[in-house]
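# Report on the structure
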Amino acid sequence: MPATDSHRSRSVAEQRRFFAREVERLTDRLYGTALRLTRDPDEAQDVVAEAVAKAWSRLDELRDRAQFEGWLFRILNNTFISLLRRRRCRQDRETGLETEGEEQPVTGFSLFEQLHQPFLLWWGTPQDQVLDSLLLDDIERALDDLPEPYRLVVVLVEVQGYSYREVSEMLALPLGTIRSRLSRARSQLQAALWECAQDAGLVYGPCPTNHGGGE
Amino acid sequence: MSPRDIRCEEVIEQLFDYLDRELDEEMQHRIERHIEHCRDCFTRAEFEKRLRRRLGETSRVAAPESLHRRLREVMESF
């Protein structure tokens, strides 16, 4: 790698040691994030490996080593977004980075409002108990079942903590689209968790998916 | 500034913007003050934060050894 002003004083061997140490420290989180983005263990590994290779080739762009983690995760996200775009071109189908008609207002579903009902409140704080009783598998499934564009914004904002503007820049989409997708994504996600809570018998409430109907 | 200078409906409407720290400083502060004094909104905000924490757990997994090995190979090729 060519030396630059910011790195001239550091030897390549020292940079390699720093890079390897940081990548090793972050591998679990990189993989976990990639897994949520791709939903596929093999593809998640590919995305992480490609991101790490890209990061090394661009290490001279990193001005401050303290920013390494955020910088590497941004490369990971961009690697996944590029993969989506390539897949979309190849398969000529909607992977959802750009869709139309998303500016209409959303009628949101709120898990809290379903759970925080007078007929359930004798139970204490059912909303918290239900959340704590959901298995990680349940939550993963609800997240993974979201349509790609919705899952992407939820993972970027709720799991990784990016601002709406940062996500808008990453996906090259207007801020309004990001807001709208987040709103729809949260609504769908919470509806899925509500169904899951009912299926698991964690809550008994009026819902069309409830079994039977005699109770 | 009174915590009641903003209604619960307005707080709930902007709750995710608040949790995502997307509001301007003044509105962020108004909602924060309201939540500190309103049990209903506090309960709702805590629920959404708890849900977010659970979502965050889904990305905390151990990478397989095959990935560690692969990354070591990638880095050795640099």
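Chains are numbered independently. Their residues run from 1 in the order of the written sequence. Naming scheme: in the order in which they are written, chains are lettered from A and ligands are numbered from 1. Note on the predicted model: pLDDT of at least 70 is required for a residue's local features to be given, and 80 or more for side-chain atom pairs to be given and counted; whole-chain, interface and lining totals, by contrast, use all residues. The side-chain figures draw on all heavy atoms in the structure; neither hydrogens nor water molecules are used.

As recorded in an unreviewed UniProt entry, chain B goes by the name Putative zinc-finger domain-containing protein, listed as coming from Saccharospirillum salsuginis.

Going by what an unreviewed UniProt entry lists, chain A is known as ECF RNA polymerase sigma factor SigR and is assigned to Saccharospirillum salsuginis. UniProt positions are given in the numbering used here, feature names are shortened, and annotations may be inferred rather than shown by experiment. UniProt, in the comment section headed Sequence similarities (unreviewed entry), describes chain A in these words: "Belongs to the sigma-70 factor family. ECF subfamily."

### Here's the deal with helix H5 (residues 65–76) of chain B
Residue and element names in this part refer to chain B. With twelve residues, H5 extends 16 Å between its outermost C-alpha atoms, agreeing within 8% with the 16 Å of an ideal straight helix rising 1.5 Å per residue. When we look at burial in H5, the residues that qualify are Leu67, His68, Leu71, Val74 and Met75. For H5, the arc enclosing every buried residue in end-on projection is 125 degrees, short of the 170-degree limit, so these residues lie on one face. Residues of H5 that are exposed and point over 90 degrees away from its buried face: Glu73 and Glu76. Segments assigned H or I by DSSP are reported as helices when at least four residues long, segments assigned E as strands when at least two residues long, and all are numbered from the N terminus. In this scheme, a helix's expected span is set at 1.5 Å multiplied by one less than its residue total. Only protein chains enter the accessibility calculation, which uses a 1.4 Å probe. A residue is then buried if its area is under 20% of the maximum for its type, exposed if over 50%, and partly exposed in between. The reported arc concerns the directions from the helix axis to the C-beta atoms and nothing else.

### Some details on the UniProt feature "domain: Putative zinc-finger" (unreviewed entry) in chain B
Cross-referencing UniProt, the feature "domain: Putative zinc-finger" (unreviewed entry) maps to residues 8–41 of chain B in the present numbering. Taken end to end, residues 8–41 of chain B has its terminal C-alpha atoms 7 Å apart, with 79% of it in helix and 0% in strand.

### Describing empty space enclosed by the protein
Of the two site types, the cavity is a set of points on a 1 Å grid over the protein atoms alone where a 1.4 Å probe fits but cannot get out, and the pocket is an open set with protein on both sides within 12 Å along at least five of seven lines, each lined by residues with an atom within 4 Å of a point. Grid points are joined across faces, edges and corners, and a volume is the space filled by probe spheres set on the points. Applying the stated criterion to the full structure yields one cavity of 30 Å³ or more. What lines the largest cavity is Glu158, Arg186, Leu189 and Gln190 of chain A together with Phe16, Glu48, Leu51 and Leu55 of chain B. At the level of elements, helix H9 (175–199) of chain A together with helix H4 (39–57) of chain B are the ones that each hand at least two residues to the lining of the largest cavity.

### As for the packing of aromatic side chains
Paired rings are identified among Phe, Tyr and Trp, the last through its six-membered ring, by centres lying within 6.5 Å, and are further divided according to the angle between planes into stacked (under 30 degrees), edge-to-face (over 60) and tilted (the rest). Across all of its chains, the model carries seven aromatic pairs over all chains by this definition. Look at phenylalanine 19 of chain A and phenylalanine 68 of chain A: their rings are 5.7 Å apart centre to centre, the planes differ by 90 degrees, and that puts the pair in the edge-to-face class. With phenylalanine 19 of chain A in helix H1 (residues 12–38) and phenylalanine 68 of chain A in helix H3 (residues 68–91), this pair connects stretches of sequence that are 49 residues apart. For the pair tryptophan 56 of chain A and phenylalanine 78 of chain B, a centre-to-centre distance of 4.8 Å together with 5 degrees between the ring planes defines the contact as stacked.

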